[in-house]
Structures are given as structure tokens and as C-alpha cells.
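Residues per chain, in single letters:
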Amino acid sequence: CRKKCSARQSFNSATLAGARRRAAAEAGRLADWQCRMGRMEILQQAYGCCLDVIYYNALLAELTVRSDNARQIAEAQKRRLDAGDATQMEYHAARLDLAAVEAETKRCTTERQAALDALALLNGGEAVRLDAAEFPAVGVPADFETWYADAEGRHPALAYARQAVEASKRQLTVSKAGRLPEFSLGFDGEYVLGERYQGITLGVSIPLWAGRGKVRQARAEKEAAEAREHDACAQFYGQMANLFRKQQGLRATADIYTKALASLDDTALLKRSLDAGQISVVEYLQAVRLYYDAVQQRLDALREWHMAYAEMTAVMW
């Protein structure tokens, strides 16, 4: 009767073990930057929804005033029509203006609720109350290059690209260390009736060819990671430069409308002229519509400016 018993344990070299530990640490940091990228995207989406809600709050406030005025005009024209002082065309024009305002109010209310619903989804399903009708005050950087120097070092996507390069370098080190000899320590025993052969065994494995392909692959992955980092930096610079110019232009547009509306709000004068019979209701509606169009254009410019500013500065959050 013959029995055999064998047990072995392989041991990597200290160089390979250390390289693997460092590679694992780099991979952990890579995952951390990926989590930060996801967090930034969610915050940016939530902030965009907040800006939409603020926009519709401000627009609905304007539409409330406009709706009250349109209703008063329509009722006044109905009384004048009944008294024989107005034409059917003037009354129809007033009614059409009121209908247009009511339809726009309904549309904005629906859009506002959609923005709130989207915000609730990003908030774990919990509803968010946001009644603000003024966009938040923000500090606009005066110099792009100075701002960019700070933003470049804090953007998680660029940090991720840089970390990917470091991780690929560590993996290359691991692949090179994998070509070092591998040691094994074991026990062998053979038992024959009446006899026993046993002892400790020591083995050495030298991978002459097995690691060459892995090293070439790791080197190619490192070069690819470096190329992606360079491309990410170039694209980020171009994107931020475009956003910087865009938010500057949108801010200037909003400022033009703000200054114009502050000095050219003649809706009260138009209303008095209409009540005094100095202008017709059609002339009144045409003139006041220009003012309300400017109000909406200003709000549109403000929202687009804050959206561009938020996208540009999300790296700072």
C-alpha cells in the first residue's frame, strides 16, 4: 500500500507584493475621483432644476400682473361695447390678449411643476419647496486664465485622468515585477508499508517568457492613459473658455434689458392714455406687449447666464 502527501505555498517577491499594494491604492484613489465626478454631475443637475424653478417663479409673478391688467382691459372693453363706445374688434383683441396670457400662465405652471418633480427625483423622492423669484447673486471671475489655473487643479474629471495615468504606471510596475522569480515552500511525503519518505521542499519558478506580453500591454495602456489625459486637458480648457465668454455675453445682455426696463416702464402711462381715450385698445396692446416681451427676454438671458455660470463653476462645488 502506497500513499502520497504533498502541500505547497507560493510566495511572491517583496518587490511584486509592494507593487501590487501600491497599484491597489492607486485604483482606490481612481474610484474616489469617479465618485466625485458623479456627485458633481448630480449637484449640477439639481442646481439647474433650481434655476428653472426660480425662472418660472419670476415669470409667473410677471404673468400674474399681466393677467390682472388683461382682465381689467377685457372687462372695460365689454362695458364700452355694451355702451356703444367700443367696437367688436377692440373687444375681441382684448379677449384674445387675455386668453394668450392665461395660456402662457398655464404653460409656465406646468413647466415649473416639471422642474420641481425633477428636483424631487434628485432629492431622493422628497418634494422641495422653492419660492424664490430672484436669481442668486454670484461673483463673476474677472480674468479667465487666473480662474482657470485654480479650476484645472480641482476638476474631478481632470483629476481622474491624471489618476488613471498613475494607476497605469503602477500596473506597468506590477507587470514588470511579475517577471521576477517566484518561490514556493512545501512538504512532500510518500508512505509505503514499513517505510516513510518525507521532507520540506523549496522551489523556484523563473518566468522567462510568460510576462512579456503583459508588460507590452501595460506599457500600451500607460501611453493610452497619458494621451487621454492630454486630450481631457485640451478639451476642458476649450470648454471652459467657451463657457466663460458665453456667460460674459449673456450677463451683458441681461444687464442691457435690466437697465432699459428700469427706465422705460411706461405701462402705467399707457393705461392712463387708454382710459382717457387717447389711444385705442389695439395700440395699447401692441405697445404693452413690447414691454412684456422685453421682461421675458431679460428673464431668459438671466437664466441662460446662470446656467452657463453654474456649468463653468461646478468644479468649485
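Residues numbered from 1 in each chain as written. Predicted model: local features only at pLDDT ≥ 70, side-chain atom pairs only at ≥ 80, totals over all residues. Heavy atoms only, no water.

Draft legend 1. Seen up close, the overall build of the protein. In terms of regular secondary structure, the protein is built from seven helices and three strands. The helix and strand sequence of the protein, counted from the amino end, reads β-α-α-α-α-β-β-α-α-α. In the protein, which comprises 317 residues, the proportion classed as buried is 34%. By sequence separation, contacts in the protein at least 24 residues apart represent 81% of the contacts at least 6 residues apart. Surface exposure of the protein reaches about 19,100 Å², of which carbon and sulfur atoms provide 54%. (Helix = DSSP H or I, 4+ residues; strand = E, 2+ residues; numbered from the N terminus. Buried < 20%, exposed > 50% of the residue type's maximum accessible area, 1.4 Å probe, protein only. Contact = heavy atoms within 4.5 Å. Areas by Shrake-Rupley, 256 points an atom, 1.4 Å probe, with all protein chains shown as cover.)

Draft legend 2. Geometry of helix 6 (residues 267-275). Within helix 6, burial applies to T267, L270, S273 and L274. All buried residues of helix 6 project into a common sector of 120° when viewed along the axis, lining one side. For helix 6, the exposed residues lying more than 90 degrees away from the buried face are R272 and D275. Backbone geometry just after helix 6 places G277 at a positive phi near 80°. (Arc of directions from axis to C-beta.)

Draft legend 3. Summary view of the nonpolar core. In terms of nonpolar packing, the biggest core is built from 55 residues, with F144, W147, M240, Y284 and M312 touching the most fellow members. At the level of secondary structure, the elements contributing two or more residues to this core comprise helix 1 (14-83), helix 2 (88-122), helix 3 (144-152), helix 5 (212-263), helix 6 and helix 7 (281-313). Residues in contact with F144, not counting those within four places in the same chain, are Y237, M240, A241 and F244. (Core = buried A, V, L, I, M, F, W, Y, C linked by side-chain atoms within 4.5 Å.)

Draft legend 4. Structural context of the environment of L243. With respect to the helices and strands, L243 occurs in helix 5. Its relative accessible area of 8% is what places L243 among the buried residues. Along the primary structure L243 and T313 are separated by 70 residues, whereas in three dimensions their C-alpha atoms are 9.7 Å apart. Excluding residues that lie within four positions of it along the chain, L243 makes contacts with A308, E311 and M312.

Draft legend 5. Just the packing of helix 2 against helix 7, in detail. Interaxial distance between helix 2 and helix 7 falls to 9 Å at its minimum, and their mutual angle equals 20°. It follows from the interaxial angle that helix 2 and helix 7 lie roughly parallel. For the element pair helix 2 and helix 7, the recorded crossing hand is left-handed. On helix 7, the residues that touch E90, A93, A94, D97, E104 and R107 of helix 2 are V281, V282, L285, R289 and Q296. (Axes fitted to C-alpha atoms, helices over the stretch in contact; angles between N-to-C directions. Parallel < 35°, antiparallel > 145°, perpendicular 65-115°, else oblique. Left-handed = near helix turned anticlockwise from the far one by under 90°.)

Draft legend 6. Region of the structure containing the pattern of salt bridges. Inspection of the entire model under this criterion finds nine salt bridges. Between E102 and R71 there is a salt bridge, with its nearest N and O atoms 3.5 Å apart. Of this pair, E102 sits in helix 2 while R71 sits in helix 1, placing them 31 residues apart in sequence. In this structure R71 comes out as partly exposed when scored by relative accessible area, which is 31%. Each of R66, D97 and R289 takes part in a single network of salt bridges with overlapping partners. (Salt bridge = Lys/Arg side-chain N within 4 Å of Asp/Glu carboxyl O.)

Draft legend 7. Fine view of the side chain of R66. Assignment of secondary structure puts R66 in helix 1. Setting aside residues no more than four positions away along its own chain, R66 makes contact with D97, V101, R289 and Y292.

Draft legend 8. Quick peek at the packing of aromatic side chains. Applying the stated criterion to the full structure yields eight aromatic pairs. For the pair Y148 and F236, a centre-to-centre distance of 5.6 Å together with 35° between the ring planes defines the contact as tilted. With a gap of 88 residues between them, Y148 in helix 3 and F236 in helix 5 connect regions that are remote in the sequence. Given a relative accessible area of 7%, Y148 falls into the buried group. Overall, the relative accessible area of 4% leaves F236 in the buried class. The aromatic ring of Y55 is capped on one face by R303, whose charged end is 3.9 Å from the ring centroid. (Phe/Tyr/Trp six-rings, centres within 6.5 Å; stacked < 30°, edge-to-face > 60°. Lys NZ or Arg CZ within 6 Å of the ring centre and 35° of its normal.)

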